Amino acid sequence: MQKTYYDPADLKKFGKISDWNEELGKKFFDYYSKVFEEGALTEREKSLIALAVAHTIQCPYCIDAYTGDGLQRGITKEEMMEALHVAAAIRGGASLVHGVQMMNKVNKLDM
Amino acid sequence: MITKSLHKRESELAYSKRQLEILSNGIFKNGDLPIFSKKIAETNQFPLKAKKLEILQINVGYMCNQVCEHCHVDAGPDRKEIMTKETMLQCLEVIKKTGAHTLDLTGGAPEMNPNFRWFVDEASKIGVKDFIVRSNLTIIKSNKKFSDLPAFFKSHNIHVVSSMPHWTRGKTDKQRGFGVFNQSIEALKELNSIGYGIPESDLRLDLVYNPSGAFLPGNQASLEKDFKKALFEDFNIHFHHLFAITNLPISRFLDYLIASDNYEDYMYSLVEAYNPTAVKNVMCTNTLSVSWDGNLYDCDFNQMLELPINSKIKHISEYNEDLLFNRNIVISQHCYGCTAGSGSSCQGTLA
Ligand code: SF4
Ligand code: SF4
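Residues numbered from 1 in each chain as written. Chains lettered and ligands numbered in written order. Predicted model: local features only at pLDDT ≥ 70, side-chain atom pairs only at ≥ 80, totals over all residues. Heavy atoms only, no water.

Caption draft 1: Structural view of the overall build of chain A. Of regular secondary structure, chain A possesses 6 helices and 0 strands. Helices and strands appear in chain A in the N-to-C order α-α-α-α-α-α. What you see for chain A is a C-alpha radius of gyration of 19 Å, clearly larger than the 13 Å of a compact globule of 111 residues, by over 25%. With the C-alpha coordinates of chain A rotated into their principal frame, the extents come out at 60 × 35 × 30 Å. In the structure as shown, chain A presents an accessible area of about 8700 Å², 64% of it carried by carbon and sulfur atoms. Across chain A, the 14 positively charged side chains and the 16 negatively charged ones have centroids separated by 5 Å. (Helix = DSSP H or I, 4+ residues; strand = E, 2+ residues; numbered from the N terminus. Rg over C-alpha atoms; globule rule 2.2 N^0.38 Å. Areas by Shrake-Rupley, 256 points an atom, 1.4 Å probe, with all protein chains shown as cover. Lys, Arg positive; Asp, Glu negative; His and termini not counted. Charge placed at Lys NZ, Arg CZ, Asp CG, Glu CD.)

Set out below in structure tokens:
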């Protein structure tokens, strides 16, 4: 067993998940590559969304992959950081919006 | 920001031998990564052979007004290697009889060779179908004596190919030096104003994009779209095509890779992105590179690594196109830079 939970070299082995279930693995990777093709959104926009989501789910593999992907596409560090703040705002907002629930409860119970 | 070439700094990486050692040792010697000859042998593409010559690329000197961090030539104001008029005369003899359709002048900044204009005049008289000058744009703005270059290019119907690492100032100046972005924009505007790069215009202006760091270029077509949109919206600038070129792990880029601890990861990413279809069209199969002193190489990269051509003919003065045909190309691990992803050459992607 490896000494750390995450190893950067494992990212390159992602495709191996198909070894233990080829059918579902193939379906997943087909779906994955289709999702990132240019559609109503450009590949560039999708890359930035992926980067923001990667930080939301705090996946080090995805952060590694989509930072590199962004650089290759000419996405600037300013654009990347703005995308992250969108993720952070939604995450922070999601906590804070529940404050309304807290306030409702307090208002109900408090005299 | 660097201000001197590796040569001037007397860095060990100024020596091509040292670079070749690095490219053959470590991860390649211990078998972590396959050497290039083995890799291309997997698809029966070893040895690489020269096909019909299409492009004659002449490097007229390593002197340059810039000192870009990624430069594979190790060019700069402190480099003194300059092609003499005598060697140029020998080149002209070859241009007269070659079957190549494209003449590609490069450097350094080719315009800094004192005989540059004379050479372009003479070569034009012979008649070249596609006459490229690789101009770094800032040269036009660097000194009054260069300010009429756009008009000079136009009068000889030169196809201008210029580097532009990004459409934003930050990324451009980081790779190429402070102020390069603004000067490049000014130069592009001037070229546009006399007809260069305008859609439908015959005066061709293409841009070259190199990644500004230890990563590979993205898709050439989408980068071209992004560059066109940004340069037009922000500065009203037009150009024809964008060539996305991979940085090869030699000279100053190799120095950068090692200093930033990116060398191994970069070599891994090149090898992982290896594309056997790109091998068929690598630049050395249809290009010949002539150095400032008239020696012949399979490509500009081999020239910098001082890997001479594998032929009896070594110098422009002995030139014989028939004997150069079908020669074995001299390769090493830097060649992975030409075969990664969609491939890379001085004319952009390959596959
Ligand atoms: S990359 Fe081009 S412009 Fe920059 S130093 Fe090298 S030759 Fe000069
Ligand atoms: S580096 Fe030169 S010799 Fe090697 S593949 Fe590229 S063009 Fe050919």
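Caption draft 2: Layout of the overall build of chain B. On a plain count of helices and strands, chain B comes out with 15 helices and 8 strands. Computed over the C-alpha atoms, the radius of gyration of chain B is 19 Å, within 12% of the 20 Å expected from 2.2 N^0.38 for a compact globule of 351 residues. Considering only C-alpha atoms, chain B reaches an extent of 55 × 45 × 40 Å along its principal axes. Look at the contacts in chain B between residues 6 or more apart in sequence, and 75% of them connect residues 24 or more apart. Of the accessible surface of chain B, which amounts to about 14400 Å², a share of 51% is contributed by carbon and sulfur atoms. Put simply, chain B has 38 plus and 40 minus side-chain charges, and the middle of one group is 2 Å from the middle of the other. (Contact = heavy atoms within 4.5 Å.)

Caption draft 3: Seen up close, unusual backbone geometry. Residues and elements named next belong to chain B. In this structure, the amide linkage connecting F46 to the following residue, P47, adopts the cis form with an omega of -5°. Of note, the amide linkage connecting G107 to G108 takes the cis form, showing an omega dihedral of 25°. Structurally, G108 can be placed in the loop between β2 (102-106) and α4 (116-126). The phi dihedral of E200 falls on the positive side, at around 75°, and the residue is not glycine. Residue placement: E200 occurs in the loop between α8 (180-193) and β5 (205-209).

Caption draft 4: Representation of a nonpolar patch on the surface within the structure. The grouping of F14, I17, F28, Y31 and V35 of chain A at the surface amounts to a nonpolar patch, some 470 Å² of accessible area in total. Counting through the fold element by element, Y31 of chain A comes out in helix α2 (residues 22-35). (Patch = residues over 30% accessible without salt bridge, like charges linked within 9 Å, V, L, I, M, F, W, Y side chains within 5 Å. Salt bridge = Lys/Arg side-chain N within 4 Å of Asp/Glu carboxyl O.)

Caption draft 5: Spotlight on the interface of chain B and chain A. Listed per partner, the contact involves 13 residues of chain B and 9 residues of chain A. Of the roughly 900 Å² buried between chain B and chain A on both sides combined, carbon and sulfur atoms contribute 53%. The largest per-residue losses of area from chain B upon contact with chain A belong to K171, F215 and E272 of chain B, which jointly make up 34% of the total buried on that side. Between K225 of chain B and E38 of chain A there is a salt bridge; the shortest N-O distance is 3.8 Å. (Buried area = accessible area lost by both parts, 1.4 Å probe.)

Caption draft 6: Spatial organisation of a positive patch on the surface. Residue and element names in this part refer to chain B. A cluster of basic residues, K4, K8, R9 and K80, forms a positive patch on the protein surface. Counting through the fold element by element, K80 comes out in the loop between β1 (55-59) and α3 (85-97). Since its relative accessible area comes to 60%, K80 is described here as exposed. (Buried < 20%, exposed > 50% of the residue type's maximum accessible area, 1.4 Å probe, protein only.)

Caption draft 7: Expanded view of the site of ligand 2. In the vicinity of ligand 2, the contacting residues are L248, V282, M283, C284, C299, F301, N302, I329, V330, H334, C335 and C338 of chain B. Residue classes in the shell around ligand 2 are distributed as 10 nonpolar, 2 polar and no charged. (Near = heavy atom within 4 Å. Nonpolar A, V, L, I, M, F, W, Y, C, P; charged D, E, K, R; others polar.)

Caption draft 8: View of the environment of S317 of chain B. All names here are of chain B. Note on placement: S317 falls in the loop between α13 (300-304) and α14 (321-324). Once the C-alpha coordinates of S317 and S212 are considered, the two residues, 105 residues apart in sequence, prove to be 38 Å apart. Looking at S317, its side chain comes within polar contact range of the side chain of H315, at 2.8 Å. (Polar contact = N/O pair within 3.5 Å; in protein donor to acceptor, adjacent residues only side chain to side chain.)

Caption draft 9: Structural view of the packing of aromatic side chains. Evaluation of the coordinates by the stated rule reveals 17 aromatic pairs over all chains. Consider the rings of F28 of chain B and Y336 of chain B, whose centres lie 6.2 Å apart with planes at 20°: the pair is stacked. Within this pair, whereas F28 of chain B is found in the loop between α1 (16-24) and α2 (36-41), its partner Y336 of chain B is found in helix α15 (residues 336-339), the two being separated by 308 residues in sequence. Taken as a pair, F28 of chain B and Y336 of chain B share a single burial class, namely buried. An aromatic cluster is built from F14, F28, F29, Y32, F36 and Y66 of chain A, whose rings are joined through pairwise contacts. The ring of W118 of chain B carries K85 of chain B above its face, with NZ or CZ at 4.5 Å from the centroid. In this structure, K228 of chain B packs its charged tip against the face of F239 of chain B, placed 5.3 Å from the ring centre. (Phe/Tyr/Trp six-rings, centres within 6.5 Å; stacked < 30°, edge-to-face > 60°. Lys NZ or Arg CZ within 6 Å of the ring centre and 35° of its normal.)

Keep in mind these numbers describe shape, not what the thing actually does.
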